[in-house]
Amino acid sequence: WTSLIGGYVQDGQSHEAIDCFYRMQSEGLYPNEVTFICILKACGSVRSMDNGKRVHDAIVSRGLLEKNAMLGNALVHMYAKCGDFVHAYQVLRHLPSRDEVSWSILIVGYVQAGLCHEALHCLAHMQRDGFFPNVVTFVYLLKACGRIGAIEEGRRIHNEITTRRLLDKNIVLGNALLDMYAKCGELTKAQEVFEELSTRDIITWNALAAGYAEYDLGEEVLELLETMCLEKVQPDEITFICGLKACTSIGDSKRGKSLHAEIVKEGFETDPFIGSALIDFYAKCGALAEARE
């Protein structure tokens, strides 16, 4: 039964997993810790709070939380996925053995739900508890800082990342750091991070370009796109949208038309977001016939 339930969960068929869970018990068989972990994941993925609470009660009545940290973390994750952060936090605080994974699950849940201030408060509690974030947690904390403009907290997190040498060869964390500075308007610092990264991908380039575009630094965006071309970095939809926004902000119709030609060449013209950016560019440059076309 546990193998079947786990298979359903892995395949994204959470409702079927929950049905199996109850059928299993109707046949006189009791779930073990692995079954409970699987079913909590199913409850979280479909936000089935009622079933999740019943599973929680069954776990507590059998005293399983005393010995199994993974089960406790699965409970925190289930409540966070269901958006019940009061219960998620209560479960975490009462776990007999919590670890950095327990705190990370809660922090990631807060950020995914848009509760960025709560995520940063959670970091403070986590560190007072004697635990330190891992790379994934840092990525989400940097997202939180960028969304709410918490630049001082972002700088403190940057210092801790540097002290622990976590940026070495970790492009995801480097991109998150750059994006945080760009979203907070610290574009000089974002540029510094960009230049210090040992490896870059299209997300790195786009994060800096989007930061420049957001603050109407059109020339900087277009210079960045030229450098991308020289370094043979393949642009994507976001790159082109940033470039069109830059051309619009500085009224550069010549480079905007050149970008349009490249967009057609790369097959992105039917993308609705690029299409909207093209219409906006032509309309604001006074080329209404081209905008309509």
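Along every chain, residues carry numbers that run from 1 in the direction the sequence is written. pLDDT decides what is reported in this predicted model: residues at 70 or higher carry local features, side-chain atom pairs at 80 or more are listed and counted, and totals for whole chains, interfaces and linings draw on all residues regardless. Values reported for side chains reflect all heavy atoms of the structure, with hydrogen atoms and water molecules removed beforehand.

Peer 1: What should I look at first to understand the packing of helix α6 (residues 85–94) against helix α7 (residues 100–112) in this one?
Peer 2: Two quantities define a packed helix pair, namely the angle between the helix axes and the distance between the axes. Interhelical geometry of α6 versus α7 gives an angle of 170° and a closest axis separation of 10 Å. Between α6 and α7, the crossing angle belongs to the class labelled roughly antiparallel. Considering how the two elements wind past one another, α6 and α7 form a crossing that is left-handed. Facing F85, A88, Y89, L92 and R93 of α6, the residues of α7 in contact are S102, W103, L106, G109 and Y110. Grouping the amino acids of the contact of α6 with α7 by side-chain chemistry returns seven nonpolar, two polar and one charged. Fitted lines through C-alpha atoms serve as axes, helices being fitted only where they are in contact, and the angles separating the N-to-C directions of these axes extend from 0 to 180 degrees. Numbering goes from the N terminus for both helices and strands, where a helix is a DSSP run of H or I of at least four residues and a strand is a run of E of at least two. Angles below 35 degrees are treated as roughly parallel, those above 145 as roughly antiparallel, those between 65 and 115 as roughly perpendicular, and all remaining angles as oblique. Should the near helix be turned anticlockwise from the far one by less than a right angle, the crossing is left-handed, and should it be turned clockwise, the crossing is right-handed. Contacts between residues were defined by any pair of non-hydrogen atoms, one from each residue, lying within 4.5 Å. When residue character is reported, Ala, Val, Leu, Ile, Met, Phe, Trp, Tyr, Cys and Pro are called nonpolar, Asp, Glu, Lys and Arg charged, and the others, Gly included, polar.

Peer 1: When you look at the packing of aromatic side chains in this model, what are you seeing that I'm missing?
Peer 2: A ring pair, where both rings are aromatic, is described by two values, the distance of the centres and the angle of the planes. Aromatic rings from Phe, Tyr and Trp, taking only the six-membered ring of Trp, are treated as a pair when their centres fall within 6.5 Å; an angle between ring planes under 30 degrees marks them as stacked, one over 60 as edge-to-face, and anything in between as tilted. According to the stated counting rule, one finds seven aromatic pairs in the structure shown. Ring plane angle 20° and centroid distance 4.7 Å describe the contact between F85 and Y110, whose orientation is recorded as stacked. Of this pair, F85 sits in helix α6 while Y110 is found in helix α7, placing the two residues 25 residues apart along the sequence. No difference in accessibility class separates F85 from Y110, as the two residues are buried. Between Y89 and W103, the ring centres sit 6.5 Å apart and the planes meet at 65°, which makes this aromatic pair edge-to-face. Relative accessibility thresholds used throughout: buried, under 20% of the residue-type maximum; exposed, over 50%; partly exposed, between the two (1.4 Å probe, protein chains only).

Peer 1: How should I be thinking about helix α12 (residues 187–196) in this particular structure?
Peer 2: Two residues of an α-helix separated by three or four positions point the same way, owing to the 3.6 residues in each turn. Listed as buried for α12 are L187, A190, V193 and F194. Looking straight down α12, one finds that the buried residues subtend no more than 115° of arc, so they occupy a single side. Facing away from the buried surface of α12 by more than 90 degrees, the exposed residues are T188, E195 and E196. Contacts made by the buried residues of α12 are with α10 (151–163), α11 (171–183), α13 (202–214) and α14 (218–230). Directions pointing from the helix axis toward each C-beta atom define the arc.

Peer 1: Is there a simple way to explain the nonpolar core in this structure?
Peer 2: Soluble globular proteins tend to pack their nonpolar side chains together in the buried interior. Definition used in this section: a nonpolar core is a set of buried Ala, Val, Leu, Ile, Met, Phe, Trp, Tyr and Cys residues joined via side-chain atoms within 4.5 Å. Formed by 96 residues in total, the largest nonpolar core has its most connected members in I5, I59 and I157. Here I5 is in contact with A17, C20, F21, M24, T35, C38 and I39, once residues within four sequence places are set aside.

Peer 1: What should I look at first to understand the side chain of T137 in this one?
Peer 2: Among the secondary structure elements, T137 is positioned in helix α9 (residues 135–148). The class of T137 is buried, set by a relative accessible area of 0%. Every residue in contact with T137, bar those within four places of it in the chain, is listed here: S104 and I107.

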